[in-house]
Each structure stands twice: as structure tokens, then as C-alpha cells.
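Listed below are the residues making up each chain.
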Amino acid sequence: MEAFFERIVELVLKKRKIVLFAAIGLFIFGIYQTVNSPVDILPDLNRPTVTVFTEAEGLAAEEVELLVTTPIESVMNGAANVERVRSISSSGLSLVFVEFDWDADIYLARQIVSEKLNAANVPDGTNSVLGPISSIMGEIQLIGLSSPNGHTSPGELRSLADWVIRPKLLTLSGVAQVTVIGGEREEYQILL
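All residue numbers refer to position in the chain's written sequence, counted from 1. This being a predicted model, a pLDDT of at least 70 is required before a residue's local features are given, and a value of 80 or more before pairs of side-chain atoms are given or counted; all residues contribute to the totals for chains, interfaces and linings. The basis for every side-chain value is the complete set of non-hydrogen atoms in the structure, without hydrogens or water.

**Q** Could you give an account of the overall build of the chain, with specific residues and numbers?
**A** Counting its secondary structure elements, the chain contains five helices and four strands. Going from the N terminus to the C terminus, the chain shows its helices and strands as α-α-β-α-β-β-α-β-α. For the chain, whose C-alpha radius of gyration is 28 Å, the value lies well above the compact-globule estimate of 16 Å for 192 residues. Its C-alpha atoms give the chain principal-axis dimensions of about 100 × 40 × 30 Å. With a 1.4 Å probe rolled over the protein chains alone, any residue whose accessible area is under 20% of its type maximum counts as buried; one over 50% counts as exposed, and the rest are partly exposed. Evaluated residue by residue, the chain yields a buried proportion of 24% over its 192 residues. Only the protein chains shown count as cover for residues, and all accessible areas are computed by the Shrake-Rupley method using a 1.4 Å probe. Summed over its atoms, the accessible surface of the chain is roughly 14200 Å², and 59% of this surface lies on carbon and sulfur atoms. Each helix corresponds to a stretch of at least 4 residues labelled H or I by DSSP, and each strand to a stretch of at least 2 residues labelled E; elements are numbered beginning at the N terminus. Here the globule rule reads 2.2 Å times residues to the power 0.38, and the radius of gyration is calculated from C-alpha atoms.

Shown next, in the form of C-alpha cells:
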């Protein structure tokens, strides 16, 4: 082994110009690669994930878990290339996160989830939508509206959230989706 290193040192000393040009070429190539490499300050370190938001008005967290989240999780566990299924259930809202293989195409994953979602046996009146294509590193923030003096009805608060606050939040950079839950929805009734 010692003789091998001696021969390398001897060859390098004899061919100094070739070694110098190779070192300069390697240095220039390194600078070129450094300048032209894409840099991502916060790289996405998560698998392709599809989020299913299901609104189930009037159900308690335990009922949402039992009647909405569990059936959706059951059908998603059998989907192709699914690595993990996680969920969060709260009063009137179910969030199911379906994680796929690293090399899975996000659009194909969304199609698979959409097809499987149709097979889920959930109660009538629930509304399921797929979340936008965004990193799971983003935050989900819950904001509540209330009337401190009680003069504003739940219907007026819901209208304010639907028609004023939601559109303004969606114009902010980095906000992918706003889901309004609770309150009383406006209804238009025609009485004959």
C-alpha cells in the first residue's frame, strides 16, 4: 500500500502541468455548479400528501371520528402506493392526510384519493373536498368569530366569514385554502 502512494506522489510530481490544469478545471466546474444549482431555503422534506377536508355540521368530535374519519381512512388505506394515513377530527370537521410513496405523482395521487373518496360510506350532508397542492409543512390555523355582546346572530357571523373574511384571506400570499365551518348558512326559500 505504501508503494502505491509513493507511485502516485511520483506521478503527480512528474506531471505537474496536467495536475494543475485538472485542478483548475475542477475548480471552475465547481463554481459553475454552485452558481447554477437551485437553492431552496425550506425544501419540502415530506412525501406527496393529499389532504381531505370533510365538513360534518352538527356532529361532535367523537361522532366525526366514528362516522366520517374512520370510513375515509378505511378506504384510503387500501389505495395504491399509500404509505401512511393520518387524521384529525374536531367538532364538525375531519382532516385526513394521505401520504404516498416518494416517487408518486401528486396529480395521480389526487385522482386515486378522489376515486376512493366516492367509495367512503359517510353520512348524508357531509361535504368532502381535497385540499390544495401545498406542502404539509404549512400550517392549519383555526380562527373563531364571536359576538361579545350577543347582538350579532350566528347567521350574520357565517355570512361575514363566507363573503368578507374568506375572500380577503385567500388574497394573501401563502394562503392555500380557507374552510368556513359552523354558524348558520344563509338559505333562500321559495314558499308557494
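Moving on, there is more to tell.
**Q** Kindly report on a nonpolar patch on the surface, identifying the contributing residues and their values.
**A** A contiguous nonpolar surface patch, about 760 Å² in accessible area, is contributed by Leu20, Phe21, Ile24, Phe27, Ile28, Ile31 and Val35. Locating Val35 in the fold gives a position in helix α2 (residues 16–36). We classify Val35 as exposed; its relative accessible area is 65%. Excluding any residue in a salt bridge, patches collect residues exceeding 30% relative accessible area, merging like charges within 9 Å and nonpolar Val, Leu, Ile, Met, Phe, Trp and Tyr side chains within 5 Å. By definition here, a salt bridge exists when the distance from a side-chain nitrogen of Lys or Arg to a carboxyl oxygen of Asp or Glu is within 4 Å.

**Q** Kindly report on unusual backbone geometry, identifying the contributing residues and their values.
**A** Despite not being glycine, Asn81 shows a phi value in the positive range, around 65°. Within the secondary structure, Asn81 is located in the loop between α3 (61–77) and β2 (82–90).

**Q** Report on the sheet that holds strand β4 (residues 127–130), specifying residues and quantitative values.
**A** The pairing criterion for strands is at least two bridges between them, as found by DSSP. The four strands lie next to each other as β2-β3-β1-β4, forming an open sheet whose pairing is antiparallel. For this open sheet the edge positions go to β2 and β4, each flanked by a neighbour on one side alone. Taking each pair of neighbouring strands and ignoring which way they run, the sheet shows an average axis angle of 15°. Where strand β1 (residues 49–55) and strand β3 (residues 93–100) come together, seven bridges link them in antiparallel fashion. Bridge pairing links Thr51 to Phe97 in β3. Between two residues, a contact is recorded if the distance between any of their heavy atoms is within 4.5 Å. Angles run from 0 to 180 degrees between N-to-C directions of axes, and those axes are lines fitted to C-alpha atoms, restricted for helices to the stretch in contact. Those strands touched by α3 are β1, β2, β3 and β4, and its axis lies near 170° from that of β2. In this fold helix α4 (residues 106–118) packs onto β1, β3 and β4, with an angle of close to 35° to the strand it touches most, β1.

**Q** I'd love a proper account of the packing of aromatic side chains, names of residues and values included.
**A** Each pair of aromatic rings taken from Phe, Tyr and Trp, with Trp reduced to its six-membered ring, is defined by centres within 6.5 Å and is described as stacked if the planes are under 30 degrees apart, edge-to-face if over 60, and tilted in the remaining cases. Taken as a whole, this structure holds one aromatic pair when the rule is applied. On the numbers, 5.8 Å between centres and 65° between planes, the contact of Phe4 with Phe5 is edge-to-face.

**Q** Any details on the pairing of β2? Residues and values, ideally.
**A** Pairing geometry for β2 and β3, over eight bridges, is antiparallel. Paired with Val82 across the two strands is Phe100, which belongs to β3. Hairpin geometry of β2 and β3 is characterised by an intervening segment of two residues between the two adjacent antiparallel strands and by a positive phi of about 80° at Gly92.

**Q** Any details on the packing of α3 against α4? Residues and values, ideally.
**A** Relative orientation of the contacting elements α3 and α4 amounts to 125°, with a least axis distance of 9 Å. Considering their axes alone, α3 and α4 lie oblique with respect to each other. Along this stretch, α3 crosses α4, giving a crossing that reads as right-handed. Across the interface between the two elements, Ile72, Val75 and Met76 from α3 touch Val113, Lys116 and Leu117 from α4. Asp, Glu, Lys and Arg are counted as charged, while Ala, Val, Leu, Ile, Met, Phe, Trp, Tyr, Cys and Pro are counted as nonpolar; the rest, among them Gly, fall into the polar class. Here the residues of the contact of α3 with α4 sort into five nonpolar, no polar and one charged. What sets the label is the angle itself: under 35 degrees gives roughly parallel, over 145 gives roughly antiparallel, 65 to 115 gives roughly perpendicular, and the rest give oblique. By definition, turning the near helix anticlockwise from the far helix through less than a right angle yields a left-handed crossing, and turning it clockwise yields a right-handed one.

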